[in-house]
Amino acid sequence: MKTAALTLVLACAAACQPHPDIRIADFEGADYGAWTVEGTAFGTGPAHGTLPNQMPVSGFVGEGLVNSYFGGDGSTGTLTSPPFTIERRFINFLIGGGRYPGETCLDLLVDGRVVRTATGPNNRPGGSERLVWRSWAVSDLLGREAVLRIVDSATGGWGHINVDEITQSDERVAEELRTRELTIGKGYLSFPVKRGEVMRKVTVRVEGGRVREFEAELTRDTPDFWAFLDVSAYRGSRVTISTIAVKGKPSALELVTQDDEIKRAENLYREKLRPQFHFTSRRGWNNDPNGLVFHDGEYHLFYQHNPYGWSWGNMHWGHAASSDLVHWRELPVAIYPREFGDWVFSGSAASLGDTIVAAYTSTGRGECIAFSTDRGRTFADYEGDPVVVHQGRDPKLIRYEPGQHWVMAVYDEIGESRGIAFYTSTDLKTWERQSRIEGYFECPEIFEIALDGDPARRRWVVYSADGAYSIGAFDGRAFTPESGKHRYNWGNCFYASQTFNNIPPADGRRIQIAWGTREFPGMPWNQMMDFPVELTLRTTDEGPRLFAWPVREIESLRASTEEWTDLPVAGDAVPIPGAGGELLDLEAEIDVGTATEVGLRVRGVPITLSAPDGKLSCSGCEAPLEAETGRIRLRVLVDRGSVEIYANGGRVYMPIGVLLRDEDRAVEAFAAGGEARIVSLRVSRLRSIRSPQPDNGLKPIVYGEP
Ligand code: FRU
């Protein structure tokens, strides 16, 4: 009898076991696959999160989703699935956007008739772009052939629809708010993050008040990395963290830990792809350098930073400081978003006595001024913020000494037209719009520089994020271009560069850092900064031009240097014995001779001069480069994620983002069509900036350990 009952129970358990889910669409591809697109609202393929001018979209799974904000709310269209058979009791999906039945909706059609429909949650200003789980019970339709149709025929506010992760399942998905309470006893909260998890908002409250809010792909699985939140200011306080989770399922909140150091700090700089002498953030994403300023003996590098994710988002000002532009120490986040969605976008900083003044874009307010009296460690907003309200972003603050006033050059949009607006102020609080120039995009830069180092011949240089520059005159109010735009960056790993304010006059250099736009797959951080360069303006046969050259402080990293002279080069790439290594700084002078093509292959990456057309090329990038009296000069910095080329003394600057293979260590030379000669070659092997340093307070590490 007992056995029969048990058999029955087991049989029932087997029959009642839910079948595996069937994914209908996750919208992770480059296009919509077999779905049919009509109209313009859906673009040609899934969106990667938020579209231009849209509030931050969250709650979707992975990288892609359907987002009909393509072209703004005014665009319309439909997206229709191929037919499929209904085989499970529920259809679960993520949905967000407008709440206009029949106009912004996801429909299920059987025999051409709408049998189920759902909209997003919004039909009034404000609201949220977060996608939420919805389910349709479809037991009555089992075995029927159906089609899904995503509709956007609304053109006003919230005239768009967002959809993701449509799945057939025997279980309904629903969400609920989860909260965890803890007493802060350590400096950090560590959050397990994994790409591809649902992006969810996390709120941190102290004694009931909201102090931090961000989005993260939290996981219960093996995390890609642990993001850290500095909670040292809340020691001893009761803190609650909350997030939305799927009902009935454990949430990742339970896995958040308190730690005295950032979790897995022991692996820092031992990670396989970690650049060893370029700044990268310990965790998370970086883009533009911000607030570059020399103040009280320190170079400050603030930067666009997502501390909680591998991709762009949650914009904060990260912070690192250095006494030599080479060894950076990452410090706590300098500026946090005031509230969720009011991101801290790019800007600049200037030193004023014992204060650092920052100007940044608050996406919710406008151009803001903030002050730090503790060497950039913390900032307080000026109470009159925002100081400038216009359509645009990325204020660059400079002092115009002849006029005894401040200048803010800021990216400015008027309708479709893009430019730089110049504002002036004597007190940093009240700003007057003075002028505008057309034809520049985000991240403007303006500085004065002596031509050929001659202080009597000064020029002004203006550029924006791509670095294409104009040379001209500036009277403190308006810039008058005299020539340009010219290019000096020819690489694929350069954007949104900025130069330092307040370099001491005795030094006098114009030092620049650019965002090194390079992905580091599988690593706990993403992107990097290019190696700092000194910019000079020099007379050439084409007129005055900018030159870029690595700052001399790199010499402190040289572990050994070897030199060669007079090496004949002909034929395929041949290693130069003893010239290889992992981290390299090399300089070569090459006599092109009778060769039509000549170059170096550095750790597997060819750098090639095509002599007849005067072109230097590397990794698909190309720049004009003429031999000078039959010779070219190459300087090349090699790190794990980049090959930065400075040709003919810096006339051509080609930063290349490339992941070098560990096993490629050789420096080789090649020539085709004739014979060339390496007149001189100097190769320095470089140390990691994480090698023991007397002053950086960092532990030595052994490279190669897991
Ligand atoms: C440039 C940029 C800026 C903006 C920032 C946001 O890369 O788009 O215009 O301030 O990034 O992270």
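Residues numbered from 1 in each chain as written. Predicted model: local features only at pLDDT ≥ 70, side-chain atom pairs only at ≥ 80, totals over all residues. Heavy atoms only, no water.

**Re the overall build of the protein chain**
Okay, so step 1: Looking only at helices and strands, the protein chain features one helix and 50 strands.
Okay, so step 2: On C-alpha atoms alone, the protein chain measures out to a radius of gyration of 29 Å, which is about the 27 Å that the 2.2 N^0.38 rule sets for 706 residues.
Okay, so step 3: Taken across its 706 residues, the protein chain has 57% of its residues classed as buried.
Okay, so step 4: Put simply, of all contacts in the protein chain between residues at least 6 apart along the chain, 64% involve residues at least 24 apart.
Okay, so step 5: When the accessible surface of the protein chain is summed, it comes to about 29000 Å², and 50% of that surface belongs to carbon and sulfur atoms. (Helix = DSSP H or I, 4+ residues; strand = E, 2+ residues; numbered from the N terminus. Rg over C-alpha atoms; globule rule 2.2 N^0.38 Å. Buried < 20%, exposed > 50% of the residue type's maximum accessible area, 1.4 Å probe, protein only. Contact = heavy atoms within 4.5 Å. Areas by Shrake-Rupley, 256 points an atom, 1.4 Å probe, with all protein chains shown as cover.)

**Notes on the site of the ligand**
Okay, so step 1: Of all residues adjacent to the ligand, which total 13 residues, the nearest are D288, Q304, W312, R393 and D394.
Okay, so step 2: Between the ligand and the protein, one listed contact pairs an oxygen atom with a side-chain N or O atom of D288 at 2.8 Å.
Okay, so step 3: Its free accessible area being 320 Å², the ligand has 91% of it covered by the protein chains.
Okay, so step 4: Those elements giving two or more residues to the shell around the ligand turn out to be strand 19 (284-295), strand 23 (344-352) and strand 27 (392-400). (Near = heavy atom within 4 Å. Polar contact = N/O pair within 3.5 Å; in protein donor to acceptor, adjacent residues only side chain to side chain.)

**Points about the sheet that holds strand 14 (residues 200-206)**
Okay, so step 1: Taken in spatial order, the four strands make up an open sheet running 12-17-14-15, and their pairing is antiparallel. At either end of the open sheet lies a strand with only one pairing partner, and these are strand 12 (175-183) and strand 15 (209-216). Averaged over all pairs of adjacent strands, the angle between their axes in this sheet comes to 20°, without regard to strand direction.
Okay, so step 2: Here strand 14 pairs with strand 17 (residues 238-246) via five bridges, running antiparallel. Counted as the bridge partner of R205 is T240 from strand 17. (Pairing = 2+ DSSP bridges. Axes fitted to C-alpha atoms, helices over the stretch in contact; angles between N-to-C directions.)

**Observations concerning the packing of aromatic side chains**
Okay, so step 1: Inspection of every chain in the model, using the stated rule, returns 32 aromatic pairs.
Okay, so step 2: Residues F520 and W525 carry aromatic rings whose centres are separated by 5.3 Å and whose planes lie at 40° to one another, so their mutual orientation is tilted. No difference in accessibility class separates F520 from W525, as the two residues are buried.
Okay, so step 3: Taken together, F447, Y463, Y469, Y488, F494, W549, Y646 and Y653 form an aromatic cluster joined through their ring pairs.
Okay, so step 4: Taking NZ or CZ as reference, R399 lies 5.0 Å from the ring centre of W406, over its face. (Phe/Tyr/Trp six-rings, centres within 6.5 Å; stacked < 30°, edge-to-face > 60°. Lys NZ or Arg CZ within 6 Å of the ring centre and 35° of its normal.)

**Considerations on the nonpolar core**
Okay, so step 1: Ranked by size, the top nonpolar core spans 42 residues in total, and within it F277, W328, Y488, F500, F531, L535 and L546 carry the most contacts.
Okay, so step 2: Within the residue set of this core, elements represented by two or more residues are strand 19, strand 20 (298-306), strand 31 (445-450), strand 32 (458-463), strand 33 (469-474), strand 36 (510-516), strand 39 (533-540) and strand 40 (543-550).
Okay, so step 3: There are two domains that each give this core at least three residues, and those are domain 3 (268-550) and domain 4 (557-686).
Okay, so step 4: What F500 contacts, discounting residues up to four positions off in sequence, is L292, V293, F294, Y299, H300, L325, W328, R510, I511 and I513.
Okay, so step 5: The next biggest cluster of nonpolar side chains, apart from the first, holds 41 residues, and it includes V602, V605, C621 and V667. (Core = buried A, V, L, I, M, F, W, Y, C linked by side-chain atoms within 4.5 Å. Domains from an automatic or database assignment.)

**Describing the domain arrangement of the protein chain**
Okay, so step 1: When cut into domains, the protein chain gives domain 1 (17-169), domain 2 (175-259), domain 3 (268-550) and domain 4 (557-686).
Okay, so step 2: The gap between the C-alpha centroids of domain 1 and domain 2 is 29 Å.
Okay, so step 3: Facing the ten residues of domain 1 at the interface are eleven residues of domain 2.
Okay, so step 4: Roughly 850 Å² is buried in total at the junction of domain 1 and domain 2, and carbon and sulfur atoms are behind 48% of that figure.
Okay, so step 5: For the interface between domain 1 and domain 2, the tally reads one salt bridge.
Okay, so step 6: R195 is the partner of E63 in a salt bridge, and the nearest nitrogen-oxygen pair spans 3.0 Å.
Okay, so step 7: Taken together, the connections running from domain 1 to domain 2 amount to four residue pairs in polar contact (both at pLDDT 80 or more).
Okay, so step 8: Residues belonging to the side of domain 1 that touches domain 2 are distributed by class as follows: five nonpolar, three polar and two charged. (Buried area = accessible area lost by both parts, 1.4 Å probe. Salt bridge = Lys/Arg side-chain N within 4 Å of Asp/Glu carboxyl O. Nonpolar A, V, L, I, M, F, W, Y, C, P; charged D, E, K, R; others polar.)

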